[in-house]
Each structure stands twice: as structure tokens, then as C-alpha cells.
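So you can see what is in the structure, the chains are spelled out below.
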Amino acid sequence: MTRASHWLRGLALLHLAVGLVLYREPLLGWVQAGVLNAVEPHWDRMAAFWFLLYGALLYGQGQLAAAFEARREPLPRAFVQGWLLTGLLGTVAMPLSGLPLVALAAALSLRARPAPVAP
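All values reported here derive from a predicted model rather than from experimental measurement.

So, the side chain of His15
- Within the secondary structure, His15 sits in helix H1 (residues 4-22).
- Ignoring any residue separated from it by four or fewer positions in sequence, one finds His15 in contact with Phe51, Tyr54 and Gly55.

Written out as C-alpha cells, the structure is:
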């Protein structure tokens, strides 16, 4: 059985770690500028912000998935489909990124869902 929470949280932590390395300079500039209202109009700081925000959101999705897994309930189909769509659209836009892993993890989670019980 595929554990969606492991996929999501693992990808999120990887995303955050890569973001901290890739965007070290813009993040330092943001902090040195006082954080509050210090992102715009700096494109590098905006990229860093959205990169890290996506990692945080991905981790939140992993926590949500963990709650369903703890109750031994399947994730809502729309949740996994949205996750898959995000990965696929992101892969089309940026194929040399981590988004193919997001799509793969979603596809595996969707495939691992239990079959519906017949009435």
C-alpha cells in the first residue's frame, strides 16, 4: 500500500531543503530587509517565497493524508486528483523540476486506493 503521507511530506522536505540552498541569497536579502513587505518588487525574493510556500503547502497536504491514514480511511478522490493535476500541469510547465515526482506520487496513491464496496 502506498502511504500518501510519506510521499507528500518527503517531497515537501526535499522541496524546502532545495529551496533553502538555491535561494539562500534572496532569502538572506529578504531577512536583512526586515521581512515585512520586503519581497516585492524583487523577483528573486518572490521566487524564493513561492518555492518555500509550495513546500509548506505540500507538507500540510502530507499531514492531512496522515490523518486519513491514521483512521484507515482512503483520501478523498478529489484530493488525490487535484494533487495529480498539480503535478501534471507543473511537469508540463517545468519538466526538469521535482513536479514529475509529485505527479508520480499522486498517480501511485490514486492507483493504490481500495476498490469501492458494491452495495
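Now that the structure is up, let's keep going.
So, the packing of H1 against helix H3 (residues 43-70)
- For the pair H1 and H3, the least separation of the axes is 8 Å and the interaxial angle reads 160°. Considering their axes alone, H1 and H3 lie roughly antiparallel with respect to each other. Here the hand of the crossing between H1 and H3 comes out left-handed.
- Considering only residue class, the contact of H1 with H3 consists of 16 nonpolar, seven polar and two charged.

A few points about the packing of aromatic side chains
- One pass over the full model with this rule turns up four aromatic pairs.
- Judged by centre distance (6.1 Å) and plane angle (80°), the rings of Trp30 and Phe49 are edge-to-face. With a gap of 19 residues between them, Trp30 in helix H2 (residues 24-32) and Phe49 in helix H3 connect regions that are remote in the sequence.
- Accessibility expressed as a relative area gives 16% for Trp30, which makes it buried.
- A relative accessible area of 30% means that Phe49 is categorised as partly exposed.
- Considering the side-chain rings of Phe79 and Trp83, the 6.3 Å spacing of their centres and the 55° angle between planes classify their relative orientation as tilted. One end of the pair, Phe79, and the other, Trp83, are both in helix H4 (residues 77-93), four residues apart, so they sit about a helical turn from each other. Trp83 carries the same exposure label as Phe79, and that label is buried.
- Among the aromatic residues, those joined into a ring-pair cluster are Trp30, Phe49 and Trp50.
- The ring of Phe68 has Arg71 lying over it, and the distance from NZ or CZ to the ring centre is 5.0 Å.

Notes on the confidence of the model for the protein chain
- When the pLDDT values of the protein chain are averaged, the result is 88; 92% of them are 70 or greater.
- Mean pLDDT values over the elements of the protein chain span from 86, in helix H5 (residues 99-111), up to 94, in H2.

Cut-offs applied
- Residues numbered from 1 in each chain as written.
- Predicted model: local features only at pLDDT ≥ 70, side-chain atom pairs only at ≥ 80, totals over all residues.
- Heavy atoms only, no water.
- Helix = DSSP H or I, 4+ residues; strand = E, 2+ residues; numbered from the N terminus.
- Contact = heavy atoms within 4.5 Å.
- Axes fitted to C-alpha atoms, helices over the stretch in contact; angles between N-to-C directions.
- Parallel < 35°, antiparallel > 145°, perpendicular 65-115°, else oblique.
- Left-handed = near helix turned anticlockwise from the far one by under 90°.
- Nonpolar A, V, L, I, M, F, W, Y, C, P; charged D, E, K, R; others polar.
- Phe/Tyr/Trp six-rings, centres within 6.5 Å; stacked < 30°, edge-to-face > 60°.
- Buried < 20%, exposed > 50% of the residue type's maximum accessible area, 1.4 Å probe, protein only.
- Lys NZ or Arg CZ within 6 Å of the ring centre and 35° of its normal.
- pLDDT = per-residue confidence, 0-100.

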